[in-house]
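Chain and residue survey
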Amino acid sequence: MSADKAAPAGPAPAGPASPGAPPGPGSARPQAAAQHADQAPQSDHAAGPEPAQNDVIGGTADALAEEGLPGTAAAASRVYRSSSHGSGNLFSGHFESINLFGRPEAAGQLLAGPLPADELRTLRRVFQEPEEYGAWKARLRSDRLLVLCGQPGTGRSCTALTLLDDVTRGHVSRLDPRCDLAALEESQIEPGHGYALEPTTSGLPDETGLDRLCELLGRQEAYAVLLATPEPGDVLSRRGRYYCQHTPASASAVVDGHLATELEEDAGDLYAQARALAGDTAVLEATGLDELLPAEAKRFAGLLARRVRGDLTHDELLARCRRFAEEQAADWFAGGALAESPQRLRDAAYRIAVAVLGRASLSAVAEAAEVLAWELAVTADPTATPGRPLFSDGVDARLASARAVADTGVEQVGDQDVPVRTVRFRGEALGPAVLGHLWQHRHNVRGPVLRWLAGLCEDSRPQVWVRAAMAAGLLCGLDCSHTVQELVQPMAQAPQARRRLFAATVLDVAVTTPEVGTAVRALVRHWARQGDEQLRWTAGAVLGRGRATATLGETLDLLGQIGVWEDGTLRAPAGVQVAHLAGAHCDPLVLRRIRAWLSDARRPQQDLGLQSTVFLASISATDLWNQHPDLADRGDWPLMLALADARPGLARELAGLLWTALQTGRSYEAAVDTVSDWLRRSADQPWASCLESFLPLLVHTQDDRDRLLALLEELSEDPDQPLNDQQVRRFHGAVQGAGTR
């Protein structure tokens, strides 16, 4: 009979498969009884001396217990399950350059001179007025100069050109972005004309320079609209006399306007079809963005028009929509003369930090970004001694530059939730797009980013190090060899449990990538069979997530090898992962394998079965890294009870495993402690009724009944935390009414 087809639930077989003896009936665990259990002439130590401490089954299932805060493992697994990176798309290396409609920084489109008539006519047809457009036009008429302050791609240039068109009746010119406004003379300004400009090198003049420009414009009865991108801490952009904060028109209005223009000469109802397609859920989700910028909305309308004309298939449309986030990332890290200036490096660092730590607290992301900015700066210039701006930086401008938004959320401190401000991109696709672009197109960024990710592992907050590990998993999927060599292998061999869990998380994310999944599985198998203690520990942590092998049986084989290696050196870590595996699959195969270990004549296999059983009973469903969907609504239920409730057919088999642990001297203390903890915590818990149904399954003999009744009596008389009368009556009745064999 195979190991996985061994006898199921019930008392363990006699002989070597029933190691040790529990305390006698009528006594829950008095000292004499416990001593008798350890010294009984059973197979615990039938050959002679008292067992070493390593033979005692139990210990904590929390690998992060050394962190000093309660609930650390639960917090880490919860962050892992809730993170968007867990299902992030890993994409190919193709990124197209962005051709944003009317963007002044695209040098080919910004030659000095009048705006072409056809472009002006098109702009008049498609432009959608933002909410404050009327106020801006009134200010431009009265002051002759306006500075529109906003992020690139938000339609600033279209708004500027339309404003000038309205006040000059079509006499609109664009100035070369290299134009030095401080050197502009009155003779260079044509009477009655309107000028649009976004300087790229000299920047905008100060308030005095703007006053001079305004006077020159007034003499010629001309107008000018300047475009500016606000910098963090830029007070002038908020308080300057000529400045207005640009707010774009809604994406839907921009799409409708461009669709009407694109399809105005087409017969039939193509416009109606395109509008309906614009609201299709699958199409909107393909963009991966919360809302399109005006420039993106224009391109989106063009794609919709091509689709309804039959120039694109539906799949091709979705594929083109998925490029929006990639194109935004390519634009953010496009390089150029100022790309490695301190301010631009800090912008880049913040965007990368949001990509890695999205939905973490605003303060955690900001601090991580500052550390990365330092790494980038000293990589670009090893002689630099970069500092941090104190008052010249602002959260709102930083969020706007990263296309991010602040939300409210919670983070776990110990085992309690506390409210925090969190930060995320305005679109789930932006994070993977940023990481993918860096890894595929910016090789020299890899070094500082990997050092930074490794440093984030030193932060004990799960909301930081778990998210960093998951981002590293995406990077590992893009270049497995490099990431394993530079980051994963050193982490996997570290003495600290958190570092090894970091490495396990990286591999668990990477294993889902088709291109590298086979290689990651082979690496985990190699570590499990031939690695040193740390590598085997790390391999076990990956295996417990349930995705690192082709079959569940192979996972159990490898965990079994890890658990009995070197006479059980890694028995406890392997037992924890067996329990996690049971919660990830809810498959009876796991329970049958534990029973097979318990029935094995070899002591290390028996101990692994006992250890797995104890952890299966002691950890909570919320501690699971990869939680089976059927357990998702069971919160902090004890895992064994959650499995019994989700899979009623497994209840007897689960109870049989726990019964064996209660009958075995070296696991008795840990098993009875777990049952005691269930009883104490059950008051007002949704799983109390499940416990009431489960307890009778632990009664096979009168001795079992007497032992459980003695435990109930002991807990009801506990001077510090007694069971309430209602609990005692319910559980006493359940145990008393249980049948015996």
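Residues numbered from 1 in each chain as written. Predicted model: local features only at pLDDT ≥ 70, side-chain atom pairs only at ≥ 80, totals over all residues. Heavy atoms only, no water.

Quick look at the overall build of the protein
Formally: Strands here mean DSSP runs of E at least two residues long; helices mean DSSP runs of H or I at least four residues long; both are numbered from the N terminus. Note on exposure labels: buried denotes an accessible area under 20% of the residue type's maximum, exposed denotes more than 50%, and partly exposed covers the range between, all computed with a 1.4 Å probe on protein chains only. Here a residue-residue contact requires only that any non-hydrogen atoms of the pair lie within 4.5 Å. Per-residue and other accessible areas were derived by the Shrake-Rupley procedure at a 1.4 Å probe size, with only the shown protein chains allowed to occlude residues.
Across its full length, the protein holds 33 helices and eight strands. The buried share of the protein, reckoned over its 741 residues, is 54%. When contacts within the protein are restricted to residue pairs at least 6 apart in sequence, long-range pairs at least 24 apart make up 73% of them. When the accessible surface of the protein is totalled, it reaches about 31400 Å², and 49% of it is carbon and sulfur.

Remarks on the state of the cysteines
In plain terms, the rule: Only a pair of cysteine sulfur atoms within 2.5 Å counts as a disulfide in this structure description.
Summed over the entire model, instances satisfying the criterion amount to zero disulfides. Left unpaired, Cys480 is separated from the closest cysteine sulfur, that of Cys476, by 4.0 Å. We classify Cys480 as buried; its relative accessible area is 15%.

Let's talk about the confidence of the model for the protein
Stated precisely, the cut-off is as follows: The predictor attaches a confidence to each residue, and that confidence, scored 0 to 100, is pLDDT.
Summing up the model confidence of the protein, the mean pLDDT is 86 and the portion of residues at 70 or higher is 85%. Scored below 50 in pLDDT, residues 30–53 makes 31 contacts in the model with residues more than four places away or belonging to other chains.

Structural notes on the packing of aromatic side chains
Applied cut-off: Under the pairing criterion, centres of Phe, Tyr and Trp rings, with the six-membered ring standing for Trp, must be within 6.5 Å; the plane angle then separates stacked pairs below 30 degrees from edge-to-face pairs above 60, leaving the rest tilted.
The tally for this structure, following the rule as stated, stands at five aromatic pairs. Geometrically, the ring pair formed by Phe300 and Phe324 is edge-to-face, given 6.4 Å between the ring centres and 65° between the ring planes. One end of the pair, Phe300, is in helix α11 (residues 294–309); the other, Phe324, is in helix α13 (residues 323–332), with 24 residues separating them in the sequence. Accessibility classification places Phe300 together with Phe324 in one group, the buried group.

Some thoughts on helix α27 (residues 603–618)
Let me state the cut-off plainly: Expected span of a helix: the number of residues minus one, times 1.5 Å.
The first and last C-alpha atoms of α27 sit 22 Å apart over 16 residues, in line with the 22 Å expected at 1.5 Å per residue. Within α27, 13 of the 16 residues are buried, leaving the element largely enclosed by the surrounding structure.

A word on the packing of helix α8 (residues 251–262) against α11
Applied cut-off: Only the stretch in contact is used when fitting a helix axis, every axis being a line fitted to C-alpha atoms; angles between N-to-C directions are given from 0 to 180 degrees. Angular relationships are summarised with four words: roughly parallel below 35 degrees, roughly antiparallel beyond 145, roughly perpendicular across 65 to 115, and oblique for the angles in between. Crossing handedness: left-handed means the near helix sits turned counterclockwise from the far one by under a right angle, and right-handed means the same turn made clockwise.
The contact between α8 and α11 brings their axes to 8 Å, and the two run at 45°. The pairing of α8 with α11 is recorded here as oblique in orientation. Crossing of α8 against α11: the hand is right-handed. Contact residues: Ala251, Val254, Val255, His258, Leu259 and Glu262 in α8; Pro294, Ala297, Lys298, Phe300, Ala301, Gly302, Leu304, Ala305 and Arg309 in α11.

Quick look at the nonpolar core
Selection rule: Only buried residues count toward a nonpolar core. Its members are Ala, Val, Leu, Ile, Met, Phe, Trp, Tyr and Cys residues joined through side-chain atoms within 4.5 Å.
Residues Leu616 and Phe694 are the most contacted members of the largest nonpolar core, which totals 183 residues. If one sorts the elements of this core by residue count, helix α19 (residues 462–478) sits on top with eleven residues. If sequence neighbours within four positions are ignored, Leu616 has contacts with Ala579, Ala582, Leu591, Ile594, Leu639, Met640, Leu643, Leu654 and Leu657. Counting 21 residues, the second largest nonpolar core, distinct from the first, contains Leu140, Leu164, Ala196 and Leu227.

Let's talk about unusual backbone geometry
You will see that Arg403, though not glycine, has its phi angle at about 55°, which is positive. Its identity as a non-glycine residue notwithstanding, Asp684 has a phi of 65°, on the positive side. Inspection of the secondary structure puts Asp684 in the loop between α30 (665–681) and α31 (688–694). The class of Asp684 is exposed, set by a relative accessible area of 81%.

Some thoughts on the sheet that holds strand β5 (residues 223–228)
The line we're drawing: Two strands qualify as a pair provided that DSSP identifies no fewer than 2 bridges between them.
Ordered by their spatial adjacency, six strands build an open sheet running β1-β3-β4-β5-β2-β6, and the pairing between neighbours is mixed. Looking along the sheet, the strands with just one partner apiece sit at the ends: β1 (113–114) and β6 (243–245). Where helix α4 (residues 133–143) meets the sheet, it contacts β2 (145–149), β5 and β6, and its direction lies at approximately 145° from that of β2.

Overview of a negative patch on the surface
Counted only if it meets this: The patch calculation keeps residues exceeding 30% relative accessible area without a salt bridge and links them within 9 Å when they carry like charges or within 5 Å when they are nonpolar (Val, Leu, Ile, Met, Phe, Trp, Tyr). Any carboxyl oxygen of Asp or Glu within 4 Å of a side-chain nitrogen of Lys or Arg constitutes a salt bridge here. None of His or the chain ends enter the tally, which takes Lys and Arg as positive and Asp and Glu as negative. Each charge is placed at NZ for Lys, CZ for Arg, CG for Asp and CD for Glu.
Among the surface-exposed residues, Asp532, Glu533, Glu566 and Asp567 lie close enough to one another that they form a single negatively charged patch. Following the sequence through the fold, Glu566 ends up in the loop between α24 (552–564) and α25 (571–585). By relative accessible area, which is 51% here, Glu566 ends up exposed.

Remarks on α30
With 17 residues, α30 ought to run about 24 Å at 1.5 Å a step, and its terminal C-alpha atoms sit 25 Å apart, in line with that. Taken residue by residue, α30 has Gly665, Arg666, Ser667, Tyr668, Ala670, Ala671, Val672, Thr674, Val675, Ser676, Trp678 and Leu679 as its buried positions.

Structural notes on the environment of Glu653
Here Glu653 lies in helix α29 (residues 651–663). A relative accessible area of 10% means that Glu653 is categorised as buried. A C-alpha to C-alpha distance of 8.9 Å links Glu653 and Arg595, two positions 58 residues apart in sequence.

Quick notes on the pairing of β2
The side chains of a regular strand alternate between the sheet's two faces. Counting buried positions along β2 gives five out of five residues, so the element sits mostly inside the fold. Residues Leu145, Val147 and Cys149 point to one face of β2 and Leu146 and Leu148 to the other, with burial holding for every one of them. In the sheet, β2 pairs with β5 via five bridges, with the strands oriented parallel. Across the sheet, Val147 pairs through a bridge with Leu226, a residue of β5.

What to know about the pattern of salt bridges
Tallied over the entire structure, the rule returns 39 salt bridges. For the salt bridge of Arg219 with Glu186, the shortest nitrogen-to-oxygen distance reads 3.1 Å. Separated by 33 residues along the polypeptide, Arg219 in helix α6 (residues 207–219) and Glu186 in the loop between β3 (172–174) and β4 (194–197) bring together distant segments of the chain. Among the ionic pairs, Arg344 bridges to Asp347, the shortest N-O distance being 3.7 Å. Of this pair, Arg344 and Asp347 both sit in helix α14 (residues 342–357), three residues apart, roughly one helical turn. When its relative accessible area of 6% is taken as the criterion, Asp347 is described as buried. Within this structure, Arg571, Arg603, Asp607 and Arg666 form a network of salt bridges that share partners.

Description of the packing of helix α17 (residues 430–441) against α19
Viewed as axis vectors pointing N to C, α17 and α19 meet at an angle of 40°, and their least axial separation amounts to 10 Å. One way to sum up the angle between α17 and α19 is to call them oblique. In this structure, the crossing between α17 and α19 has a hand that is right-handed. On α19, the residues that touch Leu435, Gly436, Trp439 and Gln440 of α17 are Ala471, Leu474, Leu475 and Leu478.

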